[in-house]
Amino acid sequence: MSMDYRQLSDPNAEYTMRDLSAETMGVSNSRGPRDVEITDVQTTIVDGNYPWTLVRVYTDAGLVGNGESYWGAGEREIIERMAPFLEGENPLDIDRLYEHLVQKLSGEGSIAGKAISAISGIELALHDVAGKILDVPAYQLIGGKYRDEMRMYCDCHTEDEADPDACADEAERVVDDLGYDALKFDLDVPSGHEKDRANRHLRGPEIEHKAEIVEKVTERVGDRADVAFDCHWSFSSGSAHRLADRLEEYDVWWLEDPIPPENHDVQAEVTKRTSTPITVGENVYRNHGNRRLFEEQAVDIVAPDVPRVGGMRETRKIADLADMYYVPVAMHNVSSPIGTMASIHVGASISNSLAVEYHSYELGWWSDLVEEDIIEDGYAEVPEKPGLGITLDLDAVEEHLADGAEMFDEA
């Protein structure tokens, strides 16, 4: 018998001074045609190239909002735990409900991690259903748009990711055959020269191997595409310095996460000691977590992940904070079409947007999850339909459920 997380006790509720529920705040739902209440929140997990956590917010108006939390374990249980905090609330009060959930989960760690990711998934679904209630696209709810289409960058992979020639061949194929003019490759790949995988140190031959990947990929595509390279928090400070310095002669769009994300002081040193653009952000939560990155000029490009670091409005806040320091935004994204489209709406609504990641080009059925086409020739048209502007194909969702996952209800 599975545990019912909706029934967990809430000791904070008995004494918290900052309960932001409509009842406590005296907020009325009497808003004429906008008098709508949340009736339920449900989740399921789709087994894609990541286990995507999909979220649905149901209302008494018969409208349903679709959202997505960051992939992996834990979000489903946290969202189930939060569902009672949302029932009876008006889904149009997105900001208050977001802060309400943050406050309700404060004792459980809602400054970062899985709690914020779970809240992010609900927040995306609220934007979708609010747009449907108001008959406006989601980007309109966060400030309007700067662009009609969003540039997508393709996260590329090969059967032998450590082979510089194979990477260059794939870069050329993605540019010529798939139409992308923005790419990313991994650099934290085995070189055959490693002595100790635990100490984060890069030996000279390892750095030269990574430089060869960068050289061959960037030379092959030339000025037809921008190319970034991801390190997945793998290297020591000194190794990151040496690697970034070695890559300065090449046309690198950015070098992503060369060191672990926890220490902003070291991050600032790595960024300031090289002309190679340094990018971080997918592991930095909410605008509070990003503040020092900008104040200390510790990042050249910031890469928040919308369903992970706080949702659409919070990512907008991060982007606005970044803009104060003239830092552009390139959104990290490994989501299903739902999280991807949420990122596209945010990207359209901020002035300093560079691109949104697309990480599923090798997954043939990714686009089957929704009825609409999303990406064409490396760009995504910003939809004008209400909400996120996509319609879930529930048959496709059910076909690709993770083992043991239960399908959520239809509207």
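Everything below is about the structure printed above this text.
Let me begin by describing the structure that accompanies this report. Predicted model, so just to flag it, every value in this text is computed and none were measured. (Residues numbered from 1 in each chain as written. Predicted model: local features only at pLDDT ≥ 70, side-chain atom pairs only at ≥ 80, totals over all residues. Heavy atoms only, no water.)

Let's shift gears to the pairing of strand 6 (residues 226–230). Burial of strand 6 is extensive: 4 of the 5 residues sit out of reach of the surface. Sheet topology note: the strand 5 (residues 182–186)/strand 6 ladder contains 5 bridges and is parallel. Within strand 6, the residue paired with Lys184 across the bridge is Ala228. The sheet contact formed by strand 6 and strand 7 (residues 255–256) spans 2 bridges and is parallel. Within strand 7, the residue paired with Asp230 across the bridge is Glu256. (Buried < 20%, exposed > 50% of the residue type's maximum accessible area, 1.4 Å probe, protein only. Helix = DSSP H or I, 4+ residues; strand = E, 2+ residues; numbered from the N terminus. Pairing = 2+ DSSP bridges.)

This next bit is on the packing of aromatic side chains. Taken as a whole and judged by the stated rule, the model has 9 aromatic pairs. A ring pair is formed by Tyr153 and Trp254, whose centres lie 5.2 Å apart and whose planes are at 85°; its orientation type is edge-to-face. One end of the pair, Tyr153, is in strand 4 (residues 149–155); the other, Trp254, is in the loop between helix 8 (237–246) and strand 7, with 101 residues separating them in the sequence. The pair formed by Tyr153 and Trp254 is uniform in burial state, with each residue classed as buried. Judged by centre distance (4.8 Å) and plane angle (65°), the ring pair of Tyr358 and Trp366 falls under edge-to-face. Comparing Tyr358 with Trp366 shows no difference in burial state: the two are buried. Here a set of aromatic residues connected by ring pairs shows up, and it is made of Tyr50, Tyr70 and Trp71. One cation-aromatic arrangement involves Lys104 over Phe85; the distance from NZ or CZ to the ring centre is 4.6 Å. Positioned above the aromatic ring of Tyr70, the side-chain terminus of Arg308 is 4.3 Å from the ring centre. (Phe/Tyr/Trp six-rings, centres within 6.5 Å; stacked < 30°, edge-to-face > 60°. Lys NZ or Arg CZ within 6 Å of the ring centre and 35° of its normal.)

Let's shift gears to a negative patch on the surface. Negative charge collects at one region of the surface, where Asp368, Asp395, Glu398, Glu399, Asp409 and Glu410 lie side by side. In this fold, Glu399 is placed in helix 14 (residues 394–399). Of the residues examined, Glu399 reaches a relative accessible area of 61% and is grouped as exposed. (Patch = residues over 30% accessible without salt bridge, like charges linked within 9 Å, V, L, I, M, F, W, Y side chains within 5 Å. Areas by Shrake-Rupley, 256 points an atom, 1.4 Å probe, with all protein chains shown as cover. Salt bridge = Lys/Arg side-chain N within 4 Å of Asp/Glu carboxyl O. Lys, Arg positive; Asp, Glu negative; His and termini not counted. Charge placed at Lys NZ, Arg CZ, Asp CG, Glu CD.)

Just geometry here; none of it tells us what the structure is for.
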